[in-house]
Structure formats: structure tokens, C-alpha cells
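So you can see what is in the structure, the chains are spelled out below.
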Amino acid sequence: MTHPDAPTRARVTQALRAQRIETPSWAYANSGTRFKVFPQEGVPRDPYEKIADAAMVHRLTGVAPTVALHIPWDRVDDYADLARYATEQGVTLGAINANVFQDNDYRLGSVTNPDPGVRRKAIDHLLECVDIMDRTGSRDLKLWFSDGTNYPGQDDIRARQDRLAAALREAYDRLGDDQRLLLEYKLFEPAFYATDVPDWGTAYAHCLELGPKAQVVIDTGHHAPGTNIEFIVAFLLRAGKLGGFDFNSRFYADDDLMVGAADPFQLFRIMREIVGGNALRPEAGIAFMLDQCHNIEPKIPAIIRSVLNVQEATAKALLVDADALAAAQRAGDVLGANAVLMDAYHTDVRPLLAELRAEAGLDPDPIAAYARSGYFERIRTERAGGQQAGWGA
Ligand code: RM4
Ligand code: MN
């Protein structure tokens, strides 16, 4: 495909202008592998500084107006004040991520722990997260459970499902009218034998049982190698049960690398299902979030790069000629249908996105603009003392 014709360009740019991508507070903080956290200069020391960085990413890209929080990493005394600060900076607070995986009590699990006292503590944390959502104005409670077992016989698989269902029910019943519960799944790690929410089918079944405010979130790094993620997207969209994404990319396990870095074609295929399902518009209610860790690369530019990668995959997905595709599919034209998709995928959309940014009064090259902005030099000096934020592993 060469330059899109005028009507196509208008359609594509309109959709791209409406796109929203949420960045995660923890991606601005220090993180690492099991082996080492390498601290970086200028890293935020508290949730306010994380929000300032997220606001910088939004100022440069124009499409990242919300920032997700993780509790207790982002615990503050006054959430209304934090929300106010975010607004002043030009962003708002997004999903609240619960954390029931970093307390000594959770050695044998959190909401599925065999000890009812530990389960109570974990569920209370989920309820506390909904209290926080009331104060931050957040719509989504995002739940990921590290619960599971390492050895056959360690605990009763069915009983753990019952405990999970009971905990989800309590959290669900606490939600306000405009709030949602997003349930995330992950194949393995840290549990190595049987994870309690290992796959989309398990997450889907629990969400179905809970009701309309419960939906599945797809973390792109949480599957077995070779899994067809776009199939999962298509299935959940059709069922009205896709709540959003935790975007990142992986080569081996839950690598949390920049989205679109490992497999940009997969990201295109995912976004194609989103576009085909008419789910890109914010009113469709799909949360496009990043869930990444930048262990060795500079964090803010990596997050900008990630936002641009999602935009590029989306632009290509929007360029697919839907009529030509449908005609080829109807005619059983296997090669023709595949060619329609590949044509769009091979289009260089970077000039189009640069034009779009310029039209919106942004620098066409957000990464270069960041480098020139002096922001990094400023935070490096301003944040020299104190305790840098990190994931506390
Ligand atoms: C988990 C999961 C969650 C994220 C934590 C930090 O693997 O992806 O979404 O909150 O990591
Ligand atoms: Mn995630």
C-alpha cells in the first residue's frame, strides 16, 4: 500500500485521534529481574513524581491521558489530593491494581490460601482498592493473583476455585455502578504446578458467573509460547467479556518488555481484531493499558516508544481494506484475503502518525522531543536524594 486515499486517511486519522493508552505507574519506577534491580537516575520517589512522568509522556504523545496505580506501591494518605495533582498535570488516575502477592502471609496464596484468616486479609485489600477507586474516580479494579501450588497434592484444586469464586464475589458486590472488575490470568509463575487463574477460559468462566461488571484482561505476556492471542481477543469481544489489555512483549515467559518489540506482527493481528470488532473507540470500554518494566533501558523514552508502537500497530490495523477482505473471504480467496492483511501490515505508517501529531500541535517525533526537552536533566537533579520508588521485590 502506498499513501492512503483521502477518505481512508480521514477515517484512519479520526480513529487514531480518539485512541487512548494508559501507562502504568510502576513502569516509571525501578524494577529488575529476580537477580538484580539496577537503579536509574531521576527515578520517581513517590506516586506524585510517577504521575509527573506519566504526564510528560502524555504531553509528548497526546494519547496517554491516564496512569494506572498499584496498591500498596502507590499508597498515599490522601487519594483525592493525588487525583487533583494528576489533573493539574493534565492526566487522570486510571485502573487500580491490587497487590496480594508481596506479603509473607501469602506464601501459600492470597484469596485461595487454605487459611481463612489470610483469605480475609487478602479480600480486605481488594475492598480497600475499591475504596481507593471511589476517591480517585477510577473505573477499573484490576486483579492478578499469584495464587497456585508448586507440587501435586499441595492443596485441593477444586477447593481453591471455590475460595477464588467467593473472594471475587465479595469484591464484585462492593463495586459501584460505574466500576468494573478486570480479572487477569497468567499461565504460571510464581506458582509452577497449578496456577488458580491460569488462562482466559478460567478468567472468563469466573467473570461470567460474577455478572456484567466483570471482564477479562489480557496481559499479552501471560501465555504459553505460540498462543494465538488474537483468537482470544476475538472470542472475548464477541462474548462482551473483554475488559482490556496489559500490553507488553515477551520472548520466553512474562518478560515485560516493550509492547511491539518482540513481535510487532502479533500486535498488529491483535489490533486488527479490535478494529474489526469496532472496539477501538473509548466508548467500547476496552482499556488499552501497558504493563511493563524497563530494567536496563531509560524508562520514559521506553514508555514513549511503547505508546508509539501501539499507535503504529493500530494505524496498520485501521488501514486493512475491510471490504476487499470480506470479498476475498466470501470468494474463498485464501491468498487474496491474506494479501489484504499483509498489504496493510507492510505500510509504513510513521509519516501518517507524524503528520497527525503535527496537526495536533505536537512534535512529530516524541522521542526526539523528549531528548531535547531537558526533562531528564531536570529530574536527575531534582530527584537526587531520597528513596527511589521500586517494586519492593
Ligand atoms: C503481574 C501482572 C500484573 C502486574 C504485576 C506487577 O505479572 O502482570 O498485572 O500488576 O505483575
Ligand atoms: Mn499484567
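Residues numbered from 1 in each chain as written. Chains lettered and ligands numbered in written order. Predicted model: local features only at pLDDT ≥ 70, side-chain atom pairs only at ≥ 80, totals over all residues. Heavy atoms only, no water.

- Per an unreviewed UniProt entry, the protein goes by L-rhamnose isomerase and derives from Micromonospora musae.

Examining the site of ligand 1
Okay, step 1: All residues in the neighbourhood of ligand 1 are listed as His70, Trp73, Lys142, Trp144, Glu184, Lys186, Asp219, His222, Asp246, Asp254 and Asp291.
Okay, step 2: Here histidine 222 contributes a side-chain N or O atom positioned 3.2 Å from an oxygen atom of ligand 1.
Okay, step 3: Between ligand 1 and aspartate 254, the relevant distance is 3.3 Å, taken from an oxygen atom to a side-chain nitrogen or oxygen of the residue.
Okay, step 4: If ligand 1 stood free it would expose 290 Å²; the protein chains cover 91% of that surface.
Okay, step 5: A per-class count over the shell around ligand 1 returns two nonpolar, two polar and seven charged. (Near = heavy atom within 4 Å. Polar contact = N/O pair within 3.5 Å; in protein donor to acceptor, adjacent residues only side chain to side chain. Areas by Shrake-Rupley, 256 points an atom, 1.4 Å probe, with all protein chains shown as cover. Nonpolar A, V, L, I, M, F, W, Y, C, P; charged D, E, K, R; others polar.)

Some points on the environment of cysteine 129
Okay, step 1: Take cysteine 129: it is sitting in helix 4 (residues 116-136).
Okay, step 2: Spatially, the C-alpha atoms of cysteine 129 and asparagine 97 are 7.7 Å apart, while their sequence positions differ by 32 residues.
Okay, step 3: In contact with cysteine 129, not counting residues within four places along its chain, are Ile71, Ile96, Ala98 and Leu141. (Helix = DSSP H or I, 4+ residues; strand = E, 2+ residues; numbered from the N terminus. Contact = heavy atoms within 4.5 Å.)

Notes on the packing of helix 9 (residues 299-319) against helix 12 (residues 350-359)
Okay, step 1: Where helix 9 meets helix 12, the axes come as close as 10 Å, and the angle between the chain directions of the two elements is 115°. Classified by the interaxial angle, the pair formed by helix 9 and helix 12 is roughly perpendicular. As helix 9 runs across helix 12, the sense of the crossing is right-handed. Every residue of helix 12 that contacts helix 9 at Leu308, Gln311, Glu312 and Ala315 is listed here: Arg350, Leu353 and Arg357. (Axes fitted to C-alpha atoms, helices over the stretch in contact; angles between N-to-C directions. Parallel < 35°, antiparallel > 145°, perpendicular 65-115°, else oblique. Left-handed = near helix turned anticlockwise from the far one by under 90°.)

Side note on the nonpolar core
Okay, step 1: Formed by 103 residues in total, the largest nonpolar core has its most connected members in Phe145, Phe245 and Phe247.
Okay, step 2: Discounting chain neighbours no more than four positions away, the residues touching phenylalanine 145 are Val100, Ser110, Val111, Leu126, Leu164, Leu168, Leu183 and Val197.
Okay, step 3: Trp26, Ala95, Leu182 and Met289 belong to the second-largest nonpolar core, a separate cluster that totals eight residues. (Core = buried A, V, L, I, M, F, W, Y, C linked by side-chain atoms within 4.5 Å. Buried < 20%, exposed > 50% of the residue type's maximum accessible area, 1.4 Å probe, protein only.)

Quick look at the environment of alanine 52
Okay, step 1: For alanine 52, the location among the structural elements is in helix 2 (residues 47-61).
Okay, step 2: Discounting residues that sit within four places of it in the chain, alanine 52 has contacts with Tyr85, Gln89, Tyr375 and Arg383.

Points about the UniProt feature "domain: Xylose isomerase-like TIM barrel" (unreviewed entry) in the protein
Okay, step 1: In the numbering used here, UniProt assigns the "domain: Xylose isomerase-like TIM barrel" (unreviewed entry) feature to residues 77-253.
Okay, step 2: The span residues 77-253 is 40% helix and 18% strand, and its two end C-alpha atoms sit 36 Å from each other. (UniProt positions renumbered as here; feature names shortened; annotations may be inferred.)

Here's the deal with the packing of aromatic side chains
We describe a pair of aromatic rings using the distance from one ring centre to the other and the angle between the two ring planes.
Okay, step 1: Enumeration over the complete set of coordinates arrives at 16 aromatic pairs.
Okay, step 2: Both rings, one in tryptophan 73 and one in phenylalanine 101, keep their centres 6.3 Å apart while their planes meet at 80°; by these two values the pair is edge-to-face. Pair noted here: tryptophan 73 is in the loop between strand 2 (66-71) and helix 3 (79-89) and phenylalanine 101 is in the loop between strand 3 (92-98) and helix 4, with a separation of 28 residues, a long-range link.
Okay, step 3: Given the relative accessible area of 26%, phenylalanine 101 is considered partly exposed.
Okay, step 4: Of the aromatic side chains, those joined through ring pairs into one cluster are Trp26, Trp73, Phe101 and Trp144.
Okay, step 5: Lying over the aromatic face of tyrosine 106, lysine 121 brings its terminal NZ or CZ to 5.7 Å of the ring centre. (Phe/Tyr/Trp six-rings, centres within 6.5 Å; stacked < 30°, edge-to-face > 60°. Lys NZ or Arg CZ within 6 Å of the ring centre and 35° of its normal.)

Examining the coordination of the manganese ion (ligand 2)
Okay, step 1: Protein-derived ligands of the manganese ion (ligand 2) are Glu184 (OE), Asp219 (OD), Asp246 (OD) and Asp291 (OD), with the metal-ligand distances lying across 2.1 to 2.2 Å.
Okay, step 2: What the six donor atoms of the manganese ion (ligand 2) show is an angle range of 73 to 162° at the metal, which sorts the shape as octahedral.
Okay, step 3: When the donor residues of the manganese ion (ligand 2) are listed from N- to C-terminus, their spacing reads E-x34-D-x26-D-x44-D. Pair noted here: glutamate 184 is in strand 6 (residues 180-184) and aspartate 219 is in strand 8 (residues 214-219), with a separation of 35 residues, a long-range link.
Okay, step 4: Accessibility expressed as a relative area gives 4% for glutamate 184, which makes it buried. (Donors = N, O, S within 2.8 Å, 3.2 Å for Na, K, Ca; no water. Tetrahedral: all angles 85-135°; square planar, octahedral: opposite > 155°, others 65-115°.)

Focus: the packing of helix 4 against helix 5 (residues 157-174)
Okay, step 1: The interhelical angle for the contact between helix 4 and helix 5, taken along N-to-C directions, is 25°, at an axis separation of 9 Å. Judged on the interaxial angle alone, helix 5 and helix 4 are roughly parallel. The crossing of helix 4 and helix 5 is right-handed. Of the residues in helix 5, those touching helix 4 at Arg119, Arg120, Ile123, Leu126, Leu127, Val130, Asp131 and Asp134 are Arg163, Ala167, Glu170, Ala171 and Arg174.
Okay, step 2: Of the residues contributing to the contact of helix 4 with helix 5, the split by class is six nonpolar, no polar and seven charged.

Concerning a nonpolar patch on the surface
Okay, step 1: There is a patch of nonpolar side chains on the surface, built from Leu187, Phe188 and Phe192 and spanning about 290 Å² of accessible area.
Okay, step 2: Structurally, phenylalanine 192 is set in the loop between strand 6 and strand 7 (194-195).
Okay, step 3: Judged by relative accessible area, phenylalanine 192 falls into the exposed class, the value being 54%. (Patch = residues over 30% accessible without salt bridge, like charges linked within 9 Å, V, L, I, M, F, W, Y side chains within 5 Å. Salt bridge = Lys/Arg side-chain N within 4 Å of Asp/Glu carboxyl O.)

Some remarks on the environment of leucine 143
Okay, step 1: The topology assignment puts leucine 143 in strand 4 (residues 140-143).
Okay, step 2: Since its relative accessible area comes to 0%, leucine 143 is described here as buried.
Okay, step 3: Sequence separation of leucine 143 and leucine 182 is 39 residues, and the distance between their C-alpha atoms is 6.1 Å.
Okay, step 4: When near neighbours in sequence (up to four residues on either side) are disregarded, leucine 143 contacts Ala98, Leu126, Leu168, Leu181, Leu182, Leu183 and Glu184.

Structural notes on the pattern of salt bridges
Okay, step 1: One pass over the structure, following the stated rule, counts 31 salt bridges.
Okay, step 2: Here glutamate 128 makes a salt bridge to arginine 75, at a shortest N to O gap of 2.7 Å. Within this pair, whereas glutamate 128 is found in helix 4, its partner arginine 75 is found in the loop between strand 2 and helix 3, the two being separated by 53 residues in sequence.

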